[in-house]
Amino acid sequence: LERGAVFVEDGAWPEVAEGAGTIAHELTEALPHAELPEVMLVPLGNGALLTGIGAWLRHASPATRIIGVAAAGAPSMQRSFAARRTVSTPSVATIADGIAVREPVPYAVDAMPALVDDVVLVSEGAIVAAMRLLHEQLGLVIEPAGAVGIAALLGDDGASMHPWRGARIATPLCGGNVTAEQVQRWLLP
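Residues numbered from 1 in each chain as written. Predicted model: local features only at pLDDT ≥ 70, side-chain atom pairs only at ≥ 80, totals over all residues. Heavy atoms only, no water.

Now for helix α5 (residues 106-115). What α5 keeps buried is the set A108, V109, A111, M112 and L115. Each element contacted by the buried residues of α5 is listed here: α3 (48-60), β2 (65-71), α4 (76-83) and β3 (118-122). (Buried < 20%, exposed > 50% of the residue type's maximum accessible area, 1.4 Å probe, protein only. Helix = DSSP H or I, 4+ residues; strand = E, 2+ residues; numbered from the N terminus. Contact = heavy atoms within 4.5 Å.)

What follows is about the pairing of strand β1 (residues 39-43). For β1, the buried fraction is high: five of the five residues fall into the buried class. Across the two faces of β1 the burial is the same, with V39, L41 and P43 and M40 and V42 all buried. Pairing analysis gives five bridges linking β1 to β2, with the strands arranged parallel. Within the sheet, the bridge partner assigned to V42 lies in β2 and is G68. For the segment spanning β1, α3 and β2, crossover handedness is right-handed. Sheet topology note: the β1/strand β4 (residues 169-170) ladder contains two bridges and is parallel. Residue pairing across strands places V39 opposite I169, the latter belonging to β4. (Pairing = 2+ DSSP bridges. Right-handed = clockwise from strand over helix to strand, strands pointing away.)

Written out as structure tokens, the structure reads:
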């Protein structure tokens, strides 16, 4: 690169993942050990957030199940996790542009098997339902990619999904990149 500039790709550098993992560090510092999450649902884009959180929780709370959550319209990281190799898709079709990955980052794909228990996909309808719930109940405007953990809890029918029923669950709510038009379309009745 010109003039010594360095391109930092999300998910490609362990140091970036470690920075993202401070979310899990803060969580484990804030809660008594007996109250740590049994399940951590983490938005999955290029993998920095998921692998960073997974690395810390494997250390500080090894019993916590770490679940990546990707949009069904951008399944390349879920497919890569299942195949244990990078699997690209020709396109993506999701409102969750912050996690709309078509070309997986090899470092993240290689790191995930040791740090992640599973990767699930959520529909566009579940993402919108999660965003609407967060807005109506908590007054939060969370972008689609940041709401996918709640979308995984809600499922497509708006009812709690069975795999995590009764578990103590945590998920980061991150990002507020929503335009006024998107607020009108997704959040207001």
